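# Breakdown of the fold
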Amino acid sequence: MTSPELLLSLESSCDETAAAVIHRDRRVLSSIVATQHELHERFGGVVPEIASRAHVDRILPVIDEALRIADVKLSDIGVIAVATQPGLVGSLLVGLTAAKTLSLALDVPLVAVNHVWAHLYACRMAAGPDIFPAVGFVVSGGHTHLFDCRSPVELTLLGATLDDAAGEAFDKVAQVLGLDYPGGPLLEKLAAQGNPQAIHFPRTFLNEDRLQFSFSGLKTAVLYAARGTPGSREAPIPLTPARKADLAAGFQAAAVEVLVGKCEQALSQTGHRTLCVGGGVAANGVFRQRLTEMAERRGIRLVIAPKELCTDNAAMGALGWELYERNQFAPLDCDVLPGLMR
Ligand code: KG4
Ligand code: ZN
């Protein structure tokens, strides 16, 4: 058998249905993402049953489009990669079922990609293969996870959030401020009009050595600042547009300071000289700016995933090539692993 040149990557772990065709040299020939934001918006968050049904409707058109844009035929595909963990169980199953069917029908190998690791592989896609060893930081709607990355497929969890993920906190605070879902990008826009110093919010665990995060206290602090503290006799400060912008800016400053501070601690503790950052929140301009300043100050190499590879996509499933090259194939009876990584 000749060595395969093209990999088809599928991603359906949450509320994006995505497919990409990636050459073995890691060139992305196509990357199609169908978002479902319009379906979940009125609920203020992802509804799993709606998400999985939408994946069923969209997965085949998305695959077709990925093949069309790449200008290749299904029979040209030599490897199928699919995100099997972590995520919503019904959503993951749609991608995995499509992937298994293609693997069987085309008689090509299947590889099972860890979605969180793939968020860091987005950094490798942008910066080349020599970024390891590194501290890897995935900051998304579901994860706030720090890793010691010895290679693209040898990651050890250093620490994570004890409650909300950072992106989840952005989304919930955005909801309190009356913004649509997903709130992160809209909150960033609102924060740009506010004063980050006007209202001080807690920086949980920032001055402690442990590589852990907690955003639920920060989220509640913003809620009380916006609506008043329960049981308090004082009327809440009116939620004018200017006050909303200050709350958004104050929240963002607190969240970003903790995220960057914990990266510094992870760099100190591991001794690594490279930091890779991926996941939806890594699209945030203030976060990117603070990371850049920190990296310059410490003289370390910083690789932040390009914005289009921060939020969920299938191009980062190019990680599947690393599994293929190590003969780490998935059997056709492999299952999804929806649970959070601890
Ligand atoms: O990586 P992703 O697409 O999905 C998960 O795997 O969770 O991340 C989505 C998260 C959402 O919580 C969204 O609000 C957040 O990333 N996000 C942002 C920004 N863009 C996306 N948060 C803050 N600022 C942004 N510009
Ligand atoms: Zn993700």
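Look up a bit, the structure's there.
The text that follows walks through the structure, step by step, so that each part is easy to find. (Residues numbered from 1 in each chain as written. Chains lettered and ligands numbered in written order. Predicted model: local features only at pLDDT ≥ 70, side-chain atom pairs only at ≥ 80, totals over all residues. Heavy atoms only, no water.)

## Thoughts on the coordination of the zinc ion (ligand 2)
Selection criterion: The rule for donors is simple: N, O or S, within 2.8 Å of the metal, or within 3.2 Å if the metal is Na, K or Ca. Water isn't counted, so a site may look like it is missing partners. Key to geometry: four donors with every angle between 85 and 135 degrees are tetrahedral; four donors are square planar and six octahedral where opposite donors lie over 155 degrees apart and all remaining angles lie between 65 and 115; all other sites are irregular.
Binding of the zinc ion (ligand 2) to the protein goes through His115 (NE2), His119 (NE2) and Asp312 (OD), at separations of 2.0 to 2.1 Å. Considering all four donor atoms around the zinc ion (ligand 2), angles at the metal cover 95 to 134° and the coordination shape is tetrahedral.

## Here we look at the nonpolar core
Applied cut-off: We define the nonpolar core as a collection of buried residues of types Ala, Val, Leu, Ile, Met, Phe, Trp, Tyr and Cys that are connected through side-chain atoms lying within 4.5 Å of one another. Any residue under 20% of the maximum accessible area for its type is buried, any over 50% is exposed, and the rest in between are partly exposed; the area is computed with a 1.4 Å probe on protein chains only. We call two residues contacting when some pair of their heavy atoms lies within 4.5 Å.
Counting 83 residues, the largest nonpolar core has Phe137, Phe251, Leu259, Leu275, Val277, Phe287 and Leu291 as its most contacted members. Residue contacts for Phe251: discarding those within four places in its chain leaves Ala169, Phe170, Val173, Leu187, Phe201, Leu218 and Val222.

## Observations regarding the sheet that holds strand β3 (residues 28–35)
Rule in force here: Between any two strands, at least two bridges found by DSSP are needed for them to pair. A run of H or I in DSSP becomes a helix once it reaches four residues, and a run of E becomes a strand once it reaches two; helices and strands are each numbered from the N terminus. Axis angles are defined between N-to-C directions and span 0 to 180 degrees, where every axis is a line fitted to C-alpha atoms and, for a helix, only to the segment in contact.
As summarised here, the arrangement of the five strands in space is β3-β2-β1-β4-β5, forming an open sheet in which the pairing is mixed. Each edge of the open sheet is held by one strand with a lone partner, namely β3 and β5 (110–114). The average angle at which neighbouring strand axes cross in this sheet is 20°, direction not considered. Where strand β1 (residues 6–11) meets strand β4 (residues 79–85), four bridges bridge the pair, whose relative direction is parallel. Within the sheet, the bridge partner assigned to Leu10 lies in β4 and is Val82. Along the sheet, helix α2 (residues 48–70) contacts β1, β2 (16–23) and β3; its crossing angle with β2, the most-contacted strand, is approximately 25°. Along the sheet, helix α3 (residues 89–106) makes contact with β1, β4 and β5, crossing β4 at roughly 155°.

## So, the pattern of salt bridges
Just so we agree on the cut-off: Should a side-chain nitrogen of Lys or Arg be within 4 Å of a carboxyl oxygen of Asp or Glu, the pair is scored as a salt bridge.
Going through the model one piece at a time under the given rule, you end up with 18 salt bridges. A salt bridge links Lys172 to Asp164, with the nearest nitrogen and oxygen atoms 3.5 Å apart. Under the relative-accessibility criterion, Lys172 is labelled partly exposed at 30%. Asp164 sits in the buried class, given a relative accessible area of 7%. With a shortest N-O distance of 3.1 Å, Lys172 and Glu168 are connected by a salt bridge. With a gap of four residues between them, Lys172 and Glu168 both fall in helix α5 (residues 166–176), about one helical turn apart. What emerges from the salt-bridge pattern is a single network uniting Arg24, Arg26, Glu322, Glu325 and Arg326.

## Remarks on the packing of α5 against helix α7 (residues 216–227)
To keep it simple, the criterion reads: Convention used here: angles under 35 degrees read as roughly parallel, angles over 145 as roughly antiparallel, angles from 65 to 115 as roughly perpendicular, and any remaining angle as oblique. Polar here means any residue outside two lists: the nonpolar Ala, Val, Leu, Ile, Met, Phe, Trp, Tyr, Cys and Pro, and the charged Asp, Glu, Lys and Arg; Gly therefore counts as polar.
Running from N to C, α5 and α7 point in directions that differ by 10°, and their axes come no closer than 10 Å. Taken together, the axes of α5 and α7 lie roughly parallel to each other. Two secondary-structure elements touch here, α5 through Lys172, Val173 and Val176 and α7 through Lys219, Val222, Leu223, Ala226 and Arg227. For the contact of α5 with α7, the class distribution of residues is five nonpolar, no polar and three charged.

## Thoughts on the site of ligand 1
Definition in use: Working definition: residue near molecule or strand if any one of its non-hydrogen atoms lies within 4 Å of it. Any pair of nitrogen or oxygen atoms within 3.5 Å is treated as a polar contact; in protein, a donor-acceptor pairing is required on top of that, and neighbouring residues in sequence qualify only through side-chain atoms on both sides. Only the protein chains shown count as cover for residues, and all accessible areas are computed by the Shrake-Rupley method using a 1.4 Å probe.
Taken together, 19 residues form the shell around ligand 1, and within it Gly141, Asp171, Glu188, Asn284 and Asp312 come nearest. A distance of 3.1 Å separates an oxygen atom of ligand 1 from a polar backbone atom of Gly142. A distance of 3.0 Å is found between a nitrogen atom of ligand 1 and a side-chain nitrogen or oxygen belonging to Asn284. Notes on ligand 1: free accessible area 560 Å², of which the protein chains cover 90%. Secondary-structure elements contributing two or more residues to the shell around ligand 1 are α4 (115–127), α5 and α6 (183–191). In terms of residue class, the shell around ligand 1 is made up of five nonpolar, eleven polar and three charged.

Don't take any of this as a statement about function, it's just geometry.
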